[in-house]
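Chains, contacts and geometry: an overview
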Amino acid sequence: MALRRRRRPRPVLSAPVPGGGLPPPSELELGRRAWRRRRARRSTLVALASTLVFAVVAYVAVTSSPGWPRVQATFFSPSAALESLPDIARGLVVNLQVLVVGGLLVLVAGLGTAALRTLRGPAWAPLRILATVYVDLFRGVPLIIVLYLVGFGFPALGLQGVPTSPFVLGTAAIVLVYSAYVAEVFRAGIESVHPSQRAAARSLGLTHRQTMRIVVLPQALRTVTPALLNDFVALQKDVGLISVLGAIDAVRSAQIQVGQTFNFTPYVVAGLLFVLLAVPSARLADAVTARARRRQQSGSLL
Amino acid sequence: MSVLELRGIVKAFGANVVLRGVDLAVDEHRVVALIGGSGSGKSTLLRCASLLETVDDGQVLLDGEDVTDPRADADRVRRRMGVVFQAYNLFPHLSVLDNVTLAPTVVHGRSRSEAAEEARALLDRIGLGDKAAEYPDRLSGGQQQRVAIVRALAVRPRVLLLDEVTSALDPELVGEVLALVREVAAQGMTIVMATHEMGFARQVADTVAFLDGGVLLESGPPAQVLGEPQHPRTRQFLRRVIDAGRL
Ligand SMILES: Nc1ncnc2c1ncn2[C@@H]1O[C@H](COP(=O)(O)OP(=O)(O)O)[C@@H](O)[C@H]1O
Ligand SMILES: [Mg+2]
């Protein structure tokens, strides 16, 4: 294979500019900076004004609609919200437990599956095919169906030792589905590592496994971190689906309260709690993605 | 006995037959320069020799042992050779020092401290001791390639395979890399190098071998192959190189 040069060598940036710091800016540059400042100020003002107008219009449209008083009473009742909050928060702890346990299991299972799919040679064919079938299957089936099949199917077998707790079965179903997604993310990351890296590692006498562990995976992990974080954000809300198996989580707690009071505010409360949970991860995912892009760009430009 | 001997190497990629039976013997402490046009199969030959490609026919003998025998443990064989690539291929997520100590520790089981000490000594010798903790992308191309050479030497290989190690470099960085290769050769390392640097080949190589159309058309002392080439294809190739200002 022809080994192409991947990028031009980056100049070493440490040498200071002769004669010390930057020369003072010219009239021209000062003018340009002032213009940019003015333009930035104007865009901020425009953005503020349009946001405000939009918010007012939306508020007026909703609150002046004929059904609003009833909607407000059934969905946005402060007293119902306060009353339901403790139970829902307790339920959310269950969701968080599924999230942590499930998230870790997904990482391990996804990585394992991806590694199996990269194996070469006829001896590994059965495992490789199994991993491929598993990924295709569980990426295709809706999570809710897997939840039903695992959550109700396994206990129905009546086998000794099969857990019946909706917490365990729900986590298992989520891990089954998400591991398939994450396996694909990892595989894409592994394949994104340039083959010349593998050649260099093998030429030093590293075995396939050592090459994977020390050279390929650490680099793959870096490229896929943004995608993994996005999947984590999705997982954060999907853990609410274990409620269909009867686990008393945030969603189920809200449902119970709704059943008792016929007021839907608890759903809104539960929804808001999930959003609060997701926002930090979403911001983190954005930040990591932006950093990865910057690194890539600076690498290709120089 | 030759350190490295290639016998009748054949290699094809699909219908593209790149090597059609290449014979080459490299004796201990000798430097062989492999020349030939772009796409003539120099890299492929070196990759076959280092078992990074599986040959379609022929044998690679390392110290007389047939390492193309499927029963040979290819990982163990590769430990006895060093390869340096055109694009350096340093590991970007490891520091310069870790790049150099990786194989000695992981593959050869040397202790970290011993390997690090030896690596530092090597880096010091090439004037990059102060870069040991840096990551490769903070280094210039010439510095990266010199680290790559040190990385290959750190496993104390029987033979060093160099694949156009200066072709990806800016012209002003070529000299420092060639100087290192010259020094390594002077210390007695057995070397096979694919190169476009004819002047360097003339000075450093004991044998120059011209690869064309999948066979070694002509090989011998540099003065003969580069000075009085016998084969019209060799003359044609060298004329093109001279026209490009590389001789
Ligand atoms: N991995 C590969 N797959 C298919 N064709 C390849 C591969 N590697 C090299 N080749 C082909 O083999 C021929 C020789 O390539 P190479 O050995 O890189 O030549 P050189 O190093 O002398 O420039 C070229 O035609 C190239 O396209
Ligand atoms: Mg080449």
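Residues numbered from 1 in each chain as written. Chains lettered and ligands numbered in written order. Predicted model: local features only at pLDDT ≥ 70, side-chain atom pairs only at ≥ 80, totals over all residues. Heavy atoms only, no water.

Looking up chain B in an unreviewed UniProt entry gives the name Amino acid ABC transporter ATP-binding protein, PAAT family (TC 3.A.1.3.-), with the organism given as Geodermatophilus obscurus. Among the UniProt annotations of chain B, the heading Subcellular location (unreviewed entry) holds the following wording: "Cell membrane". The record held by UniProt for chain B lists under Sequence similarities (unreviewed entry) the comment "Belongs to the ABC transporter superfamily." (UniProt positions renumbered as here; feature names shortened; annotations may be inferred.)

Looking at an unreviewed UniProt entry, chain A carries the name Amino acid ABC transporter membrane protein, PAAT family, with the source organism given as Geodermatophilus obscurus. Comment text from UniProt for chain A, heading Subcellular location (unreviewed entry), reads "Cell membrane". Taken directly from UniProt, the Sequence similarities (unreviewed entry) text for chain A runs: "Belongs to the binding-protein-dependent transport system permease family. HisMQ subfamily."

Tallying secondary structure elements over chain A gives 10 helices and zero strands in all. Taken from the N to the C terminus, the helices and strands of chain A come in the order α-α-α-α-α-α-α-α-α-α. Each of the three principal axes of chain A carries a C-alpha extent, and together these read 75 × 70 × 25 Å. For chain A, with 302 residues in total, the buried portion stands at 34%. Taking contacts inside chain A between residues at least 6 apart in sequence as the whole, the part at least 24 apart equals 75%. Of the roughly 18300 Å² that chain A leaves accessible, carbon and sulfur atoms contribute 69%. (Helix = DSSP H or I, 4+ residues; strand = E, 2+ residues; numbered from the N terminus. Buried < 20%, exposed > 50% of the residue type's maximum accessible area, 1.4 Å probe, protein only. Contact = heavy atoms within 4.5 Å. Areas by Shrake-Rupley, 256 points an atom, 1.4 Å probe, with all protein chains shown as cover.)

Turning next to the sheet that holds strand E7 (residues 159-163) of chain B. Residues and elements named next belong to chain B. With mixed pairing, six strands are arranged side by side in an open sheet as E6-E7-E8-E3-E9-E10. Edge positions in the sheet fall to strand E6 (81-84) and strand E10 (215-220), since each of these pairs with one other strand and no more. Between one strand axis and the next, the sheet turns through 15° on average, direction left out of account. By the bridge criterion, four bridges tie strand E3 (residues 31-35) to strand E9 (residues 207-212) in an arrangement that is parallel. When the sheet's bridge partners are listed, Ile-35 is paired in E9 with Phe-210. Running over the sheet, helix H1 (residues 42-49) touches E3, E6, E7, strand E8 (190-194) and E9 and is turned about 155° from E7. Each of E6 and E7 touches helix H5 (residues 141-153); the most contacted strand, E6, lies at about 170° to it. (Pairing = 2+ DSSP bridges. Axes fitted to C-alpha atoms, helices over the stretch in contact; angles between N-to-C directions.)

On to the nonpolar core. Core analysis: the biggest nonpolar cluster contains 52 residues, and Leu123(B), Leu160(B) and Ile191(B) have the highest contact counts within it. Per-element accounting of this core gives the leading share, eight residues, to helix H6 (residues 171-186) of chain B. Apart from residues no more than four positions distant in its own chain, Leu160(B) is found in contact with Gly82(B), Val84(B), Ala152(B), Leu153(B), Val184(B), Met189(B), Thr190(B), Ile191(B) and Val192(B). In this structure, Ala201(A), Val215(A), Leu19(B) and Leu94(B) belong to the second largest nonpolar core, which totals 44 residues. (Core = buried A, V, L, I, M, F, W, Y, C linked by side-chain atoms within 4.5 Å.)

Take unusual backbone geometry next. Residue and element names in this part refer to chain B. With phi around 60°, Leu-51 is a residue other than glycine that occupies positive phi space. With respect to the helices and strands, the residue Leu-51 is situated in the loop between H1 and strand E4 (57-62). Backbone geometry at Asn-89 places phi at a positive 55°, although glycine is not the residue there. Position of Asn-89 among the secondary structure elements: in the loop between E6 and helix H3 (96-107).

As a further point, take the packing of helix H7 (residues 195-203) of chain A against helix H8 (residues 208-238) of chain A. All names here are of chain A. Direction vectors running N to C along H7 and H8 enclose 140°, while the axes themselves pass 10 Å from each other. Between H7 and H8, the angle falls in the class oblique. The two elements H7 and H8 cross, and the hand of that crossing is right-handed. Residues Gln-197, Arg-198, Ala-201 and Arg-202 of H7 form the contact with H8, whose own contacting residues are His-208, Thr-211, Val-215, Val-216 and Gln-219. Of the residues assigned to the contact of H7 with H8, the class counts are three nonpolar, four polar and two charged. (Parallel < 35°, antiparallel > 145°, perpendicular 65-115°, else oblique. Left-handed = near helix turned anticlockwise from the far one by under 90°. Nonpolar A, V, L, I, M, F, W, Y, C, P; charged D, E, K, R; others polar.)

Right, let's get into the UniProt feature "domain: ABC transmembrane type-1" (unreviewed entry) in chain A. With numbering aligned to this structure, UniProt lists the feature "domain: ABC transmembrane type-1" (unreviewed entry) at residues 92-285 of chain A. Here residues 92-285 of chain A runs as 81% helix and 0% strand, with 22 Å between its end C-alpha atoms.

Counting residues at the interface gives 27 residues for chain A and 35 residues for chain B. Taking both sides of the interface into account, the surface hidden between chain A and chain B amounts to around 2900 Å²; carbon and sulfur atoms contribute 56%. Remark: the boundary between chain A and chain B carries one salt bridge. With a shortest N-O distance of 3.0 Å, Asp75(B) and Arg202(A) are connected by a salt bridge. (Buried area = accessible area lost by both parts, 1.4 Å probe. Salt bridge = Lys/Arg side-chain N within 4 Å of Asp/Glu carboxyl O.)

The subject of this paragraph is the domain arrangement of chain A. Along its sequence, chain A is organised into domain 1 (31-65) and domain 2 (78-295). For domain 1 of chain A and domain 2 of chain A, the distance between their C-alpha centres works out to 39 Å. (Domains from an automatic or database assignment.)

Residue and element names in this part refer to chain A. Positionally, Arg-120 belongs in the loop between helix H3 (78-118) and helix H4 (125-140). A relative accessible area of 58% places Arg-120 in the exposed class. Linking Arg-120 and His-208, residues 88 residues apart in sequence, is a C-alpha distance of 10.0 Å.

For the rest of this paragraph, the subject is the packing of aromatic side chains. Taken as a whole and judged by the stated rule, the model has seven aromatic pairs over all chains. Here Tyr178(A) and Tyr181(A) contribute two aromatic rings whose centre-to-centre distance is 6.0 Å and whose plane-to-plane angle is 55°, an arrangement assigned as tilted. Here Tyr178(A) and its partner Tyr181(A) are both found in helix H6 (residues 166-192), three residues apart, which amounts to about one turn of the helix. Classification of Tyr178(A) as buried rests on a relative accessible area of 6%. Within the aromatic cluster, the residues linked to one another by ring pairs are Phe75(A), Phe264(A) and Tyr267(A). The ring of Phe91(B) has Arg151(B) sitting right over it, with the charged end atom 4.5 Å from the ring centre. (Phe/Tyr/Trp six-rings, centres within 6.5 Å; stacked < 30°, edge-to-face > 60°. Lys NZ or Arg CZ within 6 Å of the ring centre and 35° of its normal.)

This part covers the UniProt feature "domain: ABC transporter" (unreviewed entry) in chain B. The UniProt record annotates "domain: ABC transporter" (unreviewed entry) at residues 4-238 of chain B. Structurally, residues 4-238 of chain B is divided into 37% helix and 26% strand, and its ends, taken at the C-alpha atoms, are 27 Å apart.

This brings us to the UniProt feature "transmembrane region" (unreviewed entry) in chain A. Mapped onto this numbering, the UniProt entry annotates "transmembrane region" (unreviewed entry) at residues 43-62, 92-116, 137-155, 167-190 and 264-285 of chain A. Across residues 167-190 of chain A, the secondary structure splits into 100% helix and 0% strand, with the terminal C-alpha atoms separated by 33 Å.

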